[in-house]
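Results of the structural survey
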Amino acid sequence: MHIAVLAGDGIGQEIMVEALRVLDALGLPDLRLDHADVGGVAYKNHGHPLPPETLELVMAADAVLFGAVGDPECDDLERHLRPEQAVLGLRKEMQTFANLRPAKAFAGLENLSALKPDIAGAINLLIFRELTGDIYFGEKGQRTTDAGLREGYDIMAYDEEEISRIAHIAFNAAQGRRKKLCSVDKANVLQTSVLWRAVVNEVAADYPDVELSHMYVDNAAMQLVRNPGQFDVMLTGNIFGDILSDQASMCVGSIGLLASASLGTGTRGLYEPIHGSAPDIAGQGIANPSAMILSAAMMLRHSFDMEEKASQIERAVADVLQQGILGHDLGGRASTCEIGDAVVARLAS
Ligand code: NAD
Ligand code: IPM
Ligand code: MN
């Protein structure tokens, strides 16, 4: 089990420590961890947010554990040198086009949600966010218009192959769940979405047991708050999935709770929390490491076929929440390290 460990910037460093302690507590015999710089710290140490030696390590590894990138000191750098380009570059290089972002209520902890407890308690959804296309990767730039005005542009585009390959993966996942798939788009306005909807309909023919629905993204944002329990699998593009997953996190309780797995065609994956480097709380030891720890669990499940170990970690995180050991993001006082301690203790008991 060769894992590239890229902690990155801000709270990425703090939460990664706890995830590695949790993996260590499992006593996995064949674990090899190799650390490398990524993001702002890599720019400062090597002049590039995704240095060649980091990429080389990643491409040789079986899986990548990724903390977060982003550093206010780098906000004015040219686009290709910004820390965020590292995570986009990794996703593209690894061809991890399918980003799984599960959001599930923790039993007995519905009161953590920003929603009313009876509404929050029903949340059990899995967002499939397309990760290597869309407006993120289309042509972009700034120019001057004929009228002499500054103009910025980002081209949104999807080809049919990009849509169908993630649709197949999402339909497959739905078959193993409640057999409902809601595809989210903006087909009333965007040509990208008109094609998206057509291709998803074509793919659906291979999965007659899955109930397919389509929803416009603005409605989906509203429905996620009104009645999130209606969703099983949500399938959407890169930008819509980015936004809806942050929203889903607050429906569960906090952005510090949501993990993700980014997969391509093989078993190699990229595992990261959905949140960022949180510069506003970095260095204070108060970040919630749960999303990072749960991302490590997803790694065990998806890259190493270790379902039992993955569930063990997930149960331990849920138990710790149930014990009332809550981070600042959930209105508690537990530090990053105390949450890590509690999860490790739970695994040992
Ligand atoms: P953010 O997710 O970093 O933080 C948003 C808010 O949530 C902040 O108030 C933060 O304190 C809080 N928060 C996030 N994670 C938390 C945790 N684990 N525990 C407790 N509180 C937590 O988003 P942002 O502030 O918009 O972005 C900050 C930087 O992170 C930017 O540079 C951005 O580009 C980058 N970013 C990186 C990733 C990534 O590496 N995958 C993801 C999102 C944002
Ligand atoms: C995420 C982040 C990234 C994204 C940024 C940092 C490029 O917001 O992983 O959700 O937009 O994909
Ligand atoms: Mn995001």
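Residues numbered from 1 in each chain as written. Chains lettered and ligands numbered in written order. Predicted model: local features only at pLDDT ≥ 70, side-chain atom pairs only at ≥ 80, totals over all residues.

As recorded in an unreviewed UniProt entry, the protein chain goes by the name 3-isopropylmalate dehydrogenase, listed as coming from Parasphingorhabdus cellanae. Heading Catalytic activity (unreviewed entry) of the UniProt record for the protein chain holds this comment: "(2R,3S)-3-isopropylmalate + NAD(+) = 4-methyl-2-oxopentanoate + CO2 + NADH". Turning to the protein chain, the UniProt annotation filed under Function (unreviewed entry) states: "Catalyzes the oxidation of 3-carboxy-2-hydroxy-4-methylpentanoate (3-isopropylmalate) to 3-carboxy-4-methyl-2-oxopentanoate. The product decarboxylates to 4-methyl-2 oxopentanoate." (UniProt positions renumbered as here; feature names shortened; annotations may be inferred.)

Attention now goes to helix α1 (residues 11–25). Here α1 spans 22 Å end to end across 15 residues, near enough to the 21 Å set by a 1.5 Å rise per residue. Of the residues making up α1, those classed as buried are I11, G12, E14, I15, M16, E18, A19, L20, V22 and L23. Contacts from the buried residues of α1 go to β1 (2–8), β2 (32–35), β3 (63–68), α10 (290–304), α11 (307–322) and α12 (336–348). Just past α1, the residue G27 takes up positive phi, approximately 60°. (Helix = DSSP H or I, 4+ residues; strand = E, 2+ residues; numbered from the N terminus. Expected span 1.5 Å × (residues − 1). Buried ≥ 20, exposed ≤ 12 C-beta atoms within 10 Å, placed from the backbone. Contact = placed C-beta atoms within 7 Å.)

Where helix α6 (residues 160–175) meets helix α7 (residues 191–204), the closest approach of the two axes is 9 Å, and the angle between their N-to-C directions is 45°. Considered as vectors, α6 and α7 are oriented oblique to each other. Handedness of the crossing formed by α6 with α7: right-handed. In this structure, α6 uses E160, I163, S164, A167, H168 and F171 to contact α7, whose residues at the interface are L195, W196, V199, V200, V203 and A204. Split into classes, the residues belonging to the contact of α6 with α7 amount to nine nonpolar, two polar and one charged. (Axes fitted to C-alpha atoms, helices over the stretch in contact; angles between N-to-C directions. Parallel < 35°, antiparallel > 145°, perpendicular 65-115°, else oblique. Left-handed = near helix turned anticlockwise from the far one by under 90°. Nonpolar A, V, L, I, M, F, W, Y, C, P; charged D, E, K, R; others polar.)

Moving on: the site of ligand 1. With respect to spatial proximity, 21 residues lie near ligand 1, and among them G70, G256, H275, G276 and A278 are the closest. By residue class, the composition of the shell around ligand 1 is ten nonpolar, seven polar and four charged. (Near = placed C-beta within 6 Å.)

The next thing to look at is the sheet that holds strand β10 (residues 233–236). Strand order across the open sheet formed by ten strands is β2-β1-β3-β12-β11-β4-β5-β10-β8-β9, with mixed pairing between neighbours. Looking at the sheet topology across the chains shown, the edges are occupied by β2 and β9 (211–216). Across the sheet, the axes of successive neighbouring strands diverge by a mean angle of 20°, strand direction being ignored. Here strand β8 (residues 180–185) runs beside β9; their pairing, made up of six bridges, is parallel. Looking at the pairing, C182 lines up with S213 of β9. Strand contacts of helix α8 (residues 217–226): β8 and β9, with the helix running at about 105° to β9, the strand carrying the most contacts. The strands touched by helix α9 (residues 238–252) within the sheet are β4 (98–104), β5 (124–130), β8 and β10, with β5 carrying the most contacts at an inclination of about 155°. (Pairing = 2+ DSSP bridges.)

What follows covers the UniProt feature "binding site: substrate" (unreviewed entry) in the protein chain. Per the UniProt entry, the sites bearing "binding site: substrate" (unreviewed entry) are R91, R101, R129 and D218 in this numbering. What stands out for the annotated residues spanning 128 residues is how far apart their C-alpha atoms range, the widest pair being 26.5 Å apart. Residues within four places of R101 in sequence aside, it is in contact with I127, R129, S245, L258, S260 and I274. Counting through the fold element by element, R129 comes out in strand β5. Overall, R129 belongs to the buried group, with 28 C-beta atoms counted inside 10 Å. Filtering out sequence-adjacent residues up to four positions away, R129 remains in contact with N99, R101, T236, N238, G241, D242 and S245.

It is worth spelling out the packing of α8 against α9 at this point. Closest axis-to-axis distance for the α8/α9 pair is 10 Å, and the angle between their directions is 10°. If you check the angle between α8 and α9, you find them roughly parallel. Facing α8, whose interface residues are V217, A220, A221, L224 and V225, α9 presents F240, L244, Q247, A248 and C251. Classifying every residue of the contact of α8 with α9 gives nine nonpolar, one polar and no charged.

Now for the pairing of β2. As defined by bridge partners, β1 adjoins β2 across four bridges and the pair is classed as parallel. The residue bridging A4 from the neighbouring strand is D34, located in β2. Crossover handedness for the path β1 to α1 to β2: right-handed. (Right-handed = clockwise from strand over helix to strand, strands pointing away.)

Moving on: the domain arrangement of the protein chain. For the protein chain, the assigned domains are domain 1 (1–96 + 264–349) and domain 2 (104–251). Counting from both sides, the interface comprises ten residues of domain 1 and, opposite them, ten residues of domain 2. For the side of domain 1 that touches domain 2, the secondary structure elements donating two or more residues are α4 (84–94) and α11. Here the residues of the side of domain 1 that touches domain 2 are counted per class, giving five nonpolar, three polar and two charged. (Domains from an automatic or database assignment.)

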